[in-house]
Amino acid sequence: MKRHLAFARAPLRTIAVLSVCVNLLLLVPVLFMMQVFDRVLTSGSTATLVALSIGAAVALGLMLLLDYLRSRLQGVAGTMLGESLLPSVARHVLAEGARSGRPTPTESLRDVATLRNLFSSPALLAVFDAPDGFASCTRRSRSNTPLQALTLLNDAAFVECAATLARIVEQD
């Protein structure tokens, strides 16, 4: 199993680096507005406003490109993990069926598909992302846990994938 997870480690590292860049670029609108209020409104300079607007547009375009690359790479990581796991799991299921002489449940194959879908789902990107600065919550019911922990604890896909990963590790 470690061999299969090591296979997906490099794309996940790249996704993490791209996520840091995307999250830093999320500060562009805030910095743009601060500069407009500080420089443009006080001086009335149209040239400064144009330069700031072009810089912000380029930075937001870069953020769009990095976010697209990040989501595509995440899909590739899920596909790579699925294609890496599927042959060994299928061999194990077929060997078990041949030994027992009765139909073998295909839960293991569904578990691989679940794991592949986890690594390909947008929910995984939420783990890497910073909290949304435009939404606020004035009162939390019982938790002050960070977004990543809440995602890992409460999301049904993550719970199902954790159970799947546990079953696969136990089989190996």
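As the structure is a computational prediction, the values presented were derived from the model and not from experiment.

Right, let's talk about the pattern of salt bridges for a bit. Overall, the coordinates contain one salt bridge when judged by the stated rule. In this structure, Arg70 engages Asp67 in a salt bridge whose closest nitrogen and oxygen atoms are separated by 2.7 Å. Residue Arg70 and its partner Asp67 are both found in helix H3 (residues 46-100); the two are separated by three residues, about one turn of the helix. By relative accessible area, which is 3% here, Arg70 ends up buried. Asp67 sits in the partly exposed class, given a relative accessible area of 31%.

A few words now on a nonpolar patch on the surface. Taken together, the side chains of Val20, Leu24, Leu27, Val30, Leu31 and Met34 make up a nonpolar region of the molecular surface, amounting to roughly 560 Å² of accessible area. Breaking the nonpolar patch down by element, the ones donating at least two residues are helix H1 (2-25) and helix H2 (28-43). In terms of residues, the nonpolar patch owes the most to one element, H2, which gives three residues. With respect to the secondary-structure elements, Leu24 resides in helix H1. Among the residues examined, Leu24 registers a relative accessible area of 55% and is labelled exposed.

All right, on to the confidence of the model for the protein then. Considering every residue of the protein, the mean pLDDT works out to 79; 82% of them sit at 70 or more. By mean pLDDT, helix H6 (residues 147-154) is the weakest element of the protein at 58, and H2 is the strongest at 90.

With that settled, consider the nonpolar core. In terms of nonpolar packing, the biggest core is built from twelve residues, these being Ala8, Leu81, Leu85, Val89, Val93, Val112, Leu115, Leu118, Phe119, Leu124, Cys161 and Ile168. Looking at this core, the elements that each hand over two or more residues are H3, helix H4 (107-120) and helix H7 (156-171). For Cys161, the contacting residues outside a window of four places in its chain are Thr114, Leu115 and Leu118. Residues Val22, Val28, Ala56 and Ala59 belong to the second largest nonpolar core, which totals eight residues.

Conventions adopted
- Here the residue numbering is sequential within each chain, running from 1 through the sequence in written order.
- Side-chain atom pairs in this predicted model are given and counted only at pLDDT of 80 or more, local residue features only at pLDDT of at least 70, and totals for whole chains, interfaces and linings cover all residues.
- As a rule here, side-chain values cover all heavy atoms of the structure and leave hydrogens and water aside.
- We count a salt bridge whenever a side-chain nitrogen from Lys or Arg sits within 4 Å of a carboxyl oxygen from Asp or Glu.
- What counts as a helix is a DSSP run of H or I of at least four residues, what counts as a strand is a run of E of at least two, and both are numbered from the N terminus.
- When a residue's accessible area, from a 1.4 Å probe over protein chains only, is under 20% of the maximum for its type it is buried; when over 50% it is exposed; and in between it is partly exposed.
- For patch detection, residues must exceed 30% relative accessible area and be free of salt bridges, and they are connected within 9 Å for like charges or within 5 Å for nonpolar side chains (Val, Leu, Ile, Met, Phe, Trp, Tyr).
- For the accessible areas, the method is Shrake-Rupley and the probe is 1.4 Å, while residue cover comes only from the protein chains on display.
- Each residue carries a pLDDT score, the predictor's own confidence in it, on a scale running from 0 to 100.
- We call a set of buried residues a nonpolar core when its members are Ala, Val, Leu, Ile, Met, Phe, Trp, Tyr or Cys and they connect through side-chain atoms within 4.5 Å of each other.
- Any two residues whose heavy atoms approach within 4.5 Å at even a single point are treated as in contact.

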